[in-house]
Amino acid sequence: MSDVTRILQSMESGDAKAADELLPLVYGELRKLAASKMANESPNQTLQPTALVHEAWLRLTGNENVKWNGRVHFFGAAAEAMRRILIDNARRKQALRHGGGQQRLDVDDIEVAAPAKEEELLAINDALEEFTKIGKQKAELVKLRYFVGLKVEESAEILGISVPTAVRWWNYSRAWLYQKIQGGKV
């Protein structure tokens, strides 16, 4: 049993000090994953990896009624928390971009820009929510790979599957999501 799993079980049984022990064990890994994901974000991104980790940590440990089923469950929840934070941030930016408190401009005075990262992120999120209905574990793999930035090997370990299976699922998931985002029938 890993230290993370042991501490998660202690937290579940009501040990108030267990969360203090858990943070140093997982912080470095969560920070590395957040930094990896943030490296793929647009350069004008206001959310920093440290802030992403802290917000995810607050969401993960803020609810005292959470029951963790080990390390896999915890890191899966961390991936989901980071994904939701990034999606919320993208939605907030898109709302501002589409008139949230801004003045109207004449369309003839505006140059058309390339699609923003936030729009891409929201399209992926919408497709992923639909994909979850088809294959929940495959969707978890996508979250770990795309939103957290884990490698195939790391994702396979967390999900408890073999690396070749993770590679097959990743290839299938990417193709399915690409078709869905492009507006094709899947």
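Check the entry above for the structure.
Now for a look at the structure at hand. (Residues numbered from 1 in each chain as written. Predicted model: local features only at pLDDT ≥ 70, side-chain atom pairs only at ≥ 80, totals over all residues. Heavy atoms only, no water.)

Check the secondary structure of the chain and you find 8 helices and 0 strands. Going from N to C terminus, the chain has its helices and strands arranged as α-α-α-α-α-α-α-α. Burial statistics for the chain: of 186 residues in total, 38% are counted as buried. Considering only contacts in the chain between residues 6 or more positions apart, those separated by 24 or more positions represent 61%. (Helix = DSSP H or I, 4+ residues; strand = E, 2+ residues; numbered from the N terminus. Buried < 20%, exposed > 50% of the residue type's maximum accessible area, 1.4 Å probe, protein only. Contact = heavy atoms within 4.5 Å.)

In this structure, L22, V26, L30, L52, F74, M82 and F131 are the most contacted members of the largest nonpolar core, which totals 49 residues. Looking at this core, the elements with two or more residues in it are helix 1 (3-12), helix 2 (18-38), helix 3 (49-61), helix 4 (71-97), helix 5 (117-134), helix 6 (136-148), helix 7 (152-159) and helix 8 (163-181). Counting residues per element, this core draws most heavily on helix 4, at 10 residues. Sequence-distant contacts of L22, defined by excluding residues within four places in its chain, comprise V4, I7, L8, M11, W57 and F74. (Core = buried A, V, L, I, M, F, W, Y, C linked by side-chain atoms within 4.5 Å.)

It is worth spelling out the pattern of salt bridges at this point. A full pass over the atoms with the stated rule returns 7 salt bridges. Residue E55 pairs with R59 through a salt bridge whose shortest N-O separation is 3.2 Å. Within this pair, E55 and its partner R59 are both found in helix 3, separated by 4 residues, close to a single helical turn. (Salt bridge = Lys/Arg side-chain N within 4 Å of Asp/Glu carboxyl O.)

Let us now look at the environment of I85. By secondary structure assignment, the location of I85 is in helix 4. Sequence-wise, I85 and A56 are 29 residues apart; in three dimensions their C-alpha atoms are separated by 7.5 Å. Filtering out sequence-adjacent residues up to four positions away, I85 remains in contact with L47, L52, E55, A56 and R59.

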